[in-house]
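Results of the structural survey
Residues per chain, in single letters:
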Amino acid sequence: MFFYISFLRPPPLQSVTFGNIQITPQIANDLRTEPFEDSVDIYYSWSQASGFSLSSSNREIITKPVKLTTYRQSTAYKEIPVPLPPGVRDGQSWCLLLGTRLTAGPDGFSSIDLYNKGVGRAVLPVISMPIEFGPRASRKGPKQEQIVRMYRLRPKVNDDAGVALKITEQTSFDLDKSDMFRKFGIAALDSVHELKDVLFSPEPRDILELGGGIGIVALSLAALRSTRFPSPAEGIKDRIITTDLDSAIPLIEHNIEANAAHLQNTQLGAAVLDWDDELPDFVKDFPNGFDAIIMADVTYNTASFPSLVRTLSKLVQLGKKPPLVILGYKERDAAERSLWNLVNNIGLSLQKVGESAGAGGAPVEVWLG
């Protein structure tokens, strides 16, 4: 189980430069179906996104974290006033950061450190979209509909800036279905010996993701491969395609563009792949099939299993050599385990190779076939 801070009442898109803003933070699992039952202190900080700055350097301005509230279920729906950034001026934009751990480093308070094996044991932080400050802002104006989380794949060491991804999520229910594997699976995979030859070898790889959601798995894999192997063999780049329904593609493409600096040596794209339809035309660009097919959190709707298995059956037969199939799974209902029998019928046997417990409850499992 992994718990995330989000907003039950999100910040506004605009605000005046006096008074405060009202929010209602929420702590729950990825689908917001299981609330956080313990109590924990939530801290807030502000990060300037744009506008005139009093700083003489080019460094990002982030205010010192300050305790906002102690979160507990008895007051989970309470609106909480948040003091504005110190010295905020008209024309500036600031992002609100909420976290529970005062970790060291310029972005330690707001980042999710995927390289840390203990990731997920604490509540995971959140960053709001920019709030524009100005004299004409209405207190009854529209609220934000997206949030940002920052995932550090590799730590900063001396002059090495490491690798950090900024991932935007919709706050609407349909796209905010990110389980641990979607957010942390790649870090776990790096420690499984059987997977290194495919996912982290220096040879160029063709990799397909099914049910990409916000694109975090494909982005993490692409960024890690691009930074590990800065000079692709014979100039041939990896080709990684993350797929989902048409409604998910704009957000995936936004996240790819926002993190393009980490993808210099990898061709990462997003494409529509509806399991109820025939394979899309882009598959023709992979006559030898794929080296790996990755799936994360694709088991929450058992009614989709026949379509998913039909799609898998077609994909694994594309090349002469079958691809490595990787599944990140978190049990929500015992009926989901019927997928294993269905994939056996197409000659695919899945074996569990690892799991991560997070903050407790049902662990996230990694399966390989």
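Computed from a predicted structure; not experimentally measured.

Let's talk about the confidence of the model for the protein chain
The predicted model of the protein chain averages 84 in pLDDT, with 84% of residues at 70 or higher. Averaged over each element, pLDDT in the protein chain is lowest for helix α1 (residues 180–189) (44) and highest for strand β6 (residues 80–83) (97). Below a pLDDT of 50 lies the segment residues 173–184, which in the model reaches 65 contacts outside its immediate sequence neighbourhood of four places, other chains included.

As for the sheet that holds strand β1 (residues 4–9)
For sheets, the rule is that strands pair by backbone hydrogen bonds, running either parallel or antiparallel. Spatially, the three strands line up as an open sheet ordered β1-β3-β6, and their pairing is antiparallel. Both outer strands of the open sheet, β1 and β6, are each paired with one neighbouring strand and no more. Recorded for the sheet is a direction-independent mean angle of 55° between the axes of neighbouring strands. Sheet topology places β1 next to strand β3 (residues 20–28); five bridges connect them, and they run antiparallel. Counted as the bridge partner of R9 is T24 from β3.

Details of the sheet that holds strand β18 (residues 351–356)
Reading across from one edge, β15-β14-β13-β16-β17-β19-β18 is the order of the seven strands in this open sheet, with mixed pairing throughout. Edge positions in the open sheet fall to β15 (266–272) and β18, since each of these has one partner strand only. On average, adjacent strands in this sheet sit at an angle of 20° to one another, irrespective of strand direction. Looking at chain direction, strand β13 (residues 206–210) and strand β14 (residues 238–244) are connected through four bridges and run parallel. Looking at β14, one finds that I207 is bridged to I240.

Focus on the environment of P83
Structurally, P83 can be placed in strand β6. Since its relative accessible area comes to 38%, P83 is described here as partly exposed. When the C-alpha atoms of P83 and G19 are compared, they prove to be 7.1 Å apart, with 64 residues separating the residues in sequence. If near-sequence neighbours (up to four positions away) are discounted, P83 is found in contact with N20, Y44 and W46.

Here's the deal with the environment of G134
Here G134 shows up in the loop between β10 (131–133) and β11 (146–154). Sequence separation between G134 and G91 is 43 residues, and the spatial gap between their C-alpha atoms is 5.7 Å. Setting aside anything within four residues of it in sequence, one finds G134 in contact with S15, V16 and D90.

What counts as what
Residues numbered from 1 in each chain as written. Predicted model: local features only at pLDDT ≥ 70, side-chain atom pairs only at ≥ 80, totals over all residues. Heavy atoms only, no water. pLDDT = per-residue confidence, 0-100. Helix = DSSP H or I, 4+ residues; strand = E, 2+ residues; numbered from the N terminus. Contact = heavy atoms within 4.5 Å. Pairing = 2+ DSSP bridges. Axes fitted to C-alpha atoms, helices over the stretch in contact; angles between N-to-C directions. Buried < 20%, exposed > 50% of the residue type's maximum accessible area, 1.4 Å probe, protein only.

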